[in-house]
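Residues per chain are reported as follows:
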Amino acid sequence: MKLLLDHNVPRKLKNVLSRLGVSCQTALELKWDMLENGALAAKAIEHQFDGILTRDRRFQTSAATTLKNASHFSIVLLVLPQSDAKTYCTEFEKAWISSPITLIPGKLIEWPLD
């Protein structure tokens, strides 16, 4: 699984995911942080990412056309409570250990599940 972290996701999450064995990059490190949602999703697909992690609830609407045209790609809406980066990463890792993200190609999923 190769994931892109949207600019609104704490960059420190990359370290957590790497420890968990997940290949990922941030939009910022790729200099894609100024791209709007649809363009960001298109760029991620072009560069062979399997999915994008975001906290932006509007992402599905703005990337809907791109998502329809990329049956292998998934958008993951992270629904963990907002907090400082360190706490957020700790909560993310706990949730992952309990129930890792499972991508659903061509879909937006909310994670973690209730």
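In the block above lies the structure referred to throughout.
As the structure is a prediction and not an experimental result, all values here were calculated from the model.

Asks: Outline the packing of aromatic side chains, listing residues and values.
Replies: Under the defined criterion, the tally for this structure stands at 4 aromatic pairs. For the pair Trp 32 and Phe 49, a centre-to-centre distance of 6.1 Å together with 75° between the ring planes defines the contact as edge-to-face. Of this pair, Trp 32 sits in the loop between strand S2 (23-26) and helix H2 (37-46) while Phe 49 sits in the loop between H2 and strand S3 (51-54); the two residues are 17 residues apart in sequence, bridging distant segments of the chain. Grouping residues by exposure puts Trp 32 and Phe 49 together as buried. Where Trp 96 meets Trp 111, the ring centres are 6.3 Å apart and the plane angle is 65°; that geometry is what we call edge-to-face. Placement of Trp 96 in helix H5 (residues 85-98) and of Trp 111 in strand S5 (residues 108-111) is noted, with a sequence separation of 15 residues between them. You can call Trp 96 buried: its relative accessible area is 8%. Note on Trp 111: relative accessible area 2%, which makes it buried. Within the aromatic cluster, the residues linked to one another by ring pairs are Phe 92, Trp 96 and Trp 111. For Lys 2, the ring lying beneath its charged end belongs to Phe 49, and the centroid distance is 4.5 Å. In this structure, Arg 55 packs its charged tip against the face of Tyr 88, placed 4.7 Å from the ring centre.

Asks: Give a description of the state of the cysteines that names residues and reports values.
Replies: Simply put, the disulfide is a covalent bond whose two ends are the sulfur atoms of two cysteines. Inspection of every chain in the model, using the stated rule, returns 0 disulfides. Summary of cysteine pairing: Cys 24 is not part of a disulfide, and the nearest cysteine sulfur, belonging to Cys 89, is at 11 Å. Judged by relative accessible area, Cys 24 falls into the buried class, the value being 7%. In this structure Cys 89 comes out as buried when scored by relative accessible area, which is 7%.

About the thresholds
Residues numbered from 1 in each chain as written. Predicted model: local features only at pLDDT ≥ 70, side-chain atom pairs only at ≥ 80, totals over all residues. Heavy atoms only, no water. Phe/Tyr/Trp six-rings, centres within 6.5 Å; stacked < 30°, edge-to-face > 60°. Helix = DSSP H or I, 4+ residues; strand = E, 2+ residues; numbered from the N terminus. Buried < 20%, exposed > 50% of the residue type's maximum accessible area, 1.4 Å probe, protein only. Lys NZ or Arg CZ within 6 Å of the ring centre and 35° of its normal. Disulfide = S-S within 2.5 Å.

Keep in mind that these numbers describe shape and distance, not what the molecule does.
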